[in-house]
Structure formats: structure tokens, C-alpha cells
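Architecture and fold: a report
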Amino acid sequence: MTNLANLNIQEMKPYSPPLEGRRSYEGKLLDFNERTVPISRKVIKALKGFMKKDRMQIYPEYEDLCEKIAEYSGVVPSQVMLTNGSDQGIDLIFRTFTTKGSKVVIPSPSFAMFYQCAQVEQNEIIKPAYQDDGSFPKTEVLEEIEKGAKLIIICNPNNPTGTAISLEEIEEITQKALSKKAMVYVDEAYFEFCKITAVNLTKQYPNLIVTRTFSKAFGLAALRIGYTISSLQNIEEMLKVRGPYDINMFATKAAEASLDDINSLNKYVDEVMNKAKPMVEDFFNKNRIEFIPSRANFLLFKTDNPPDVTEKLKKMGFLTRPRNGAIRVTIGTVKQMKNFINQFKNV
Ligand SMILES: Cc1ncc(COP(=O)(O)O)c(C=O)c1O
């Protein structure tokens, strides 16, 4: 049959991450940068409580969660927009602020959704390259702003390199972009691990947008919930594009309970970042395995033939991802990473 989809969509390749078989896989899932331990009991209790209330027939309301997120992030609730995963936030930013032919700067390699959204909107994609050591191509980005870019993406920390830029650098880029009427979008999916945030700058810069997610450190990837922070005006514009009920109530209840249990989050983040990650880095250093120092809960390391090594690791009980001629491994707990190291020695 004739394909009646828009030509630009027909020309796209689908973004289909390798999810198949993950649910039944008996080893450790170190391939999607997720939380590697179950979510807190308090969140489960809140979800059960919501089911017992039997209010499934009512459309969702978001005020309580927006207030909690605002408090957690240090902004006012009207600066917060809930989204169905931060993926939806990314999509809304592209749909609201770009159009066919808009120049969009995506320092690369980076997260697949940026390219997908840009292609759907028929943007002109500009890809300044991260250096081999993972440093951000700031000079090129500033040049592209000068040349008329409409939207600049700063994935901070970047997936897959794990590297981050400082708040001062984000401000420098945002200031320059403002003078050229360009938008800056900072993806903070790994904020809880990295702790650098541009959220405060959204009070000062009308051209700045930040997205975050409950999918990573909070462990709610299955429920699909994230949020976007920007000026009231930008949020109002993006809300015209988002559906009124796109985020389900289970997700909001789980997110509220997660924010009420920050101690559990902090404990997990501390173990991953201050104990397990240094241990893996130490192992890599001692064995002369090259890796990029990361501000997130994953490490990108070099090996010969990454697809072959990921296959071997899979057989040994660890899913990892080949990425840009290297392997990206999610960092979990100390115990999990000790097991990973022990098996890795055999590869
Ligand atoms: C940099 C980055 N942004 C956004 C996301 C999307 O997260 P979610 O849609 O689950 O909130 C991911 C997921 O891997 C990511 O790595």
C-alpha cells in the first residue's frame, strides 16, 4: 500500500532501544542507567493507598505534585510542568520553540530523543562534537549561536559520555543565546547524581528551560514521569501543546511519595557515586582500561570490539550497552559492581 506518512517521517529510522528480553533477563540490568535496586517501600505503600481509595474514574489533578517539585527544586509551582517522562518534555520543547528549518545545536554524541524530535520538526541539526575526553564543545556552540541557531541543547551530564559543564558555562551560553534570541535547553535527567543544576538561572533568563525525571535515581522509569522548569511564560506556551491529562495519577502519587522519602534517595545516590563508582574507576585504572570520568551513574569505557564484549558480559549476567565505539555501564550498588568487576576480569 502507498505510504501516506509525511516524507520526513518515512525517511527517519525508528528509535528502538534494545528492550526485548530485559524483563525476563535474570542478570543485572546495567544498560539503561536506571536505579538498580527496588524503589522505597514508602512509595509502594502510597501506590497501594491510591488503589484502595478507588478514584480511578476521575481525571488527574497535578497541583500537589507541582507544589512538591517546586519546593524540591527551589522555584514557584507555576514554573513547573509535569510530563510523561522527560521524553515528553523534550518533545514539547522542540514543538513549542522550533519549526521547519530552525537550526538546532546538539553537541554530539548525545541522547537519541534530541535527534528524533529535531527530525520530526524538520530542524536543521548541527552537531558539534564532544572531545575524546568528553569535554563539551563550548567554542563551537557559541559560534553557532552567533550564526543564528534557534535552540541549543546542553545534556548535563551528557548521555553517553557522563561529562558535565559548570553553571558558569551554562550561564555564559544562555547569556549569549539571549542576546541572539535563541533558546537554551538543559537536560538534567541525572541531576540527583550530579547535583549541578541550572534551575535557579530560569528565574533570571527567559530563554532557559530545564527538564528532569523520576526515571533514574528515583527509580520510577516504568511509570513515566518527569518535569520541565522554565519561566511562567514558557511553561504557559508549552502547556498549550501538552495534553491536559498526559500524566497518570499512579505516576504522580509515586513521585509525591518519592519526594517525601528523600533519605532513601540520598542513601542510594551516595552508595552509587561515592562508593561503587570509585571502586569501578579504581579497577579500570589498575587494569589500564580507558574511561571517561563521569558525573552520572554510568561510565563509558573503551574496549576492543564493544559489541563482542557486551555479548560476553550478557552471558555472564550483566547487560551493558555498546556506545560510540565504547561500552556504557550503569553503576549500581557496591555489591552489584563487585560482581561486575569479578566477571569482567574473565572477559
Ligand atoms: C539524557 C537523558 N534525558 C532524558 C532521558 C529520558 O528519560 P525519561 O523519559 O524516562 O524521563 C534519558 C533516558 O535515558 C536520558 O538519558
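Within any chain, residue numbers begin from 1 and follow the written order of that chain's sequence. Given that this is a predicted model, residues contribute local features only at a pLDDT of at least 70 and side-chain atom pairs are listed and counted only at 80 or more, while totals for whole chains, interfaces and linings are drawn from all residues. Water and hydrogen atoms play no part in the side-chain values, which are based on all heavy atoms of the structure.

Things to note about the nonpolar core
- In this structure, Ile173 and Phe214 are the most contacted members of the largest nonpolar core, which totals 77 residues.
- A run of H or I in DSSP counts as a helix once it spans at least four residues, and a run of E counts as a strand once it spans at least two, with each numbered from the N terminus. Considering every element that reaches this core, the biggest residue donor is helix H11 (residues 262-286), with 9 residues.
- Domain delimitation follows an automatic or database domain assignment. Two domains share this core, each providing at least three of its residues, namely domain 1 (21-39 + 262-344) and domain 2 (49-259).
- For this analysis, residues touch if any pair of their heavy atoms sits within 4.5 Å. Setting aside residues no more than four positions away along its own chain, Phe214 makes contact with Ile69, Gly219, Leu220, Ala221, Ile225, Gly226, Tyr227, Ala255 and Leu259.
- With 22 residues, the next largest nonpolar core counts Phe111, Ala118, Leu151 and Ile235 among its residues. In plain words, nonpolar cores are sets of buried Ala, Val, Leu, Ile, Met, Phe, Trp, Tyr and Cys residues tied together by side-chain atoms within 4.5 Å. Here the term buried applies to any residue with accessible area under 20% of the maximum for its type, exposed to any over 50%, and partly exposed to those in between, with areas from a 1.4 Å probe on protein chains only.

Side note on the pairing of strand E8 (residues 226-229)
- Covered by surrounding structure in E8 are Gly226 and Thr228 together with Tyr227 and Ile229, the residues of both alternating faces.
- Two strands qualify as a pair provided that DSSP identifies no fewer than 2 bridges between them. Pairing geometry for strand E2 (residues 80-83) and E8, over 4 bridges, is antiparallel. Along E8, the bridge assignment pairs Leu82 with Tyr227.
- Judged from the 4 bridges that link them, strand E7 (residues 208-213) and E8 form a sheet pairing that is antiparallel. By the bridge assignment for E8, Val210 is matched with Ile229.

Some points on the domain arrangement of the protein chain
- What the domain assignment lists for the protein chain is domain 1 (21-39 + 262-344) and domain 2 (49-259).
- One C-alpha centre belongs to domain 1, the other to domain 2; they are set 25 Å apart.
- At the junction of the two partners, domain 1 supplies 22 residues and domain 2 supplies 26 residues.
- By definition, the buried area sums, over both parts, the 1.4 Å-probe accessible area that each loses when the two are put together. Both faces considered, domain 1 and domain 2 share a buried interface measuring about 1900 Å² in area, 63% of it formed by carbon and sulfur atoms.

Quick word on unusual backbone geometry
- Pro157 follows Asn156 through a cis peptide bond whose omega is 0°.
- With respect to the secondary-structure elements, Pro157 resides in the loop between strand E5 (151-155) and helix H7 (167-179).
- The phi angle at Gln122 is positive, at roughly 60°, despite the residue not being glycine.
- Within the secondary structure layout, Gln122 lies in the loop between helix H5 (112-120) and strand E4 (124-126).
- Residue class for Gln122 comes out partly exposed when judged on its relative accessible area of 33%.
- Within the chain, Asn324 stands out as a residue other than glycine whose phi angle is a positive 50°.

Things to note about empty space enclosed by the protein
- Lining residues are defined by having an atom within 4 Å of a point belonging to a cavity or pocket. Those points lie on a 1 Å grid over the protein atoms alone, cavities being sets where a 1.4 Å probe fits but cannot get out and pockets being open sets with protein on both sides within 12 Å along at least five of seven lines. Grid points are joined across faces, edges and corners, and a volume is the space filled by probe spheres set on the points. Enumeration over the complete set of coordinates arrives at 2 cavities of 30 Å³ or more.
- The calculated volume of the largest cavity comes to roughly 70 Å³.
- Looking at the largest cavity, the residues that line it are Arg35, Ile39, Ser40, Val43, Phe218, Ser258, Asp261, Ser264 and Leu265.
- Gly is placed with the polar residues, together with every amino acid not listed as nonpolar (Ala, Val, Leu, Ile, Met, Phe, Trp, Tyr, Cys and Pro) or charged (Asp, Glu, Lys and Arg). Considered class by class, the residues forming the lining of the largest cavity number 4 nonpolar, 3 polar and 2 charged.
- Counted as a void, the second largest cavity has a volume near 30 Å³.
- Looking at the second largest cavity, the residues that line it are Tyr130, Gly134, Ser135, Phe136, Cys155, Asn156, Asn158, Thr163, Ala164 and Ile165.

Brief notes about the side chain of Asn207
- Considering the arrangement of structural elements, one finds Asn207 in the loop between helix H8 (191-194) and E7.
- Here Ala182 takes part through its backbone oxygen, which lies 3.0 Å from a polar atom of the side chain of Asn207. In the analysis that follows, any N or O atom pair within 3.5 Å is treated as a polar contact, provided that within protein one partner can donate a hydrogen and the other can accept it, and provided that, for residues neighboring in sequence, both atoms belong to side chains.

Some remarks on the sheet that holds strand E12 (residues 321-323)
- Pairing in this open sheet of 4 strands is antiparallel, and the strands run E9-E10-E13-E12 from one edge to the other. A strand with exactly one partner marks an edge of an open sheet, and here the two such strands are strand E9 (291-292) and E12.
- Bridge count between E9 and strand E10 (residues 298-301): 2 bridges; the pairing is antiparallel. Note that in E10 the partner of Ile292 across the bridge is Leu300.
- To get an axis, fit a line to the C-alpha atoms, keeping to the stretch in contact for a helix; angles then go from 0 to 180 degrees between the N-to-C directions. Packed onto the sheet, H11 meets E9 and E10 and runs at close to 10° relative to E10.

Focus: the site of the ligand
- With respect to spatial proximity, 13 residues lie near the ligand, and among them Ser86, Asp187, Tyr190, Thr213 and Ser215 are the closest.
- One of the side-chain N or O atoms of Tyr190 is found 2.7 Å from an oxygen atom in the ligand.
- The fraction of the free accessible surface of the ligand (400 Å²) that becomes covered by protein chains is 92%.
- Comparing atom positions with the cavity grids shows the ligand to sit within the largest pocket.
- Of the residues forming the shell around the ligand, the biggest block, 3 residues, is contributed by helix H4 (residues 85-97). Each residue is tested against the molecule or strand, and it is near if at least one of its non-hydrogen atoms lies within 4 Å. Accessibility throughout is a Shrake-Rupley quantity obtained with a 1.4 Å probe, and a residue counts as covered only by protein chains that appear here. Should more than half of a molecule's atoms lie within 2 Å of a pocket's or cavity's grid points, that molecule is taken to sit in it.

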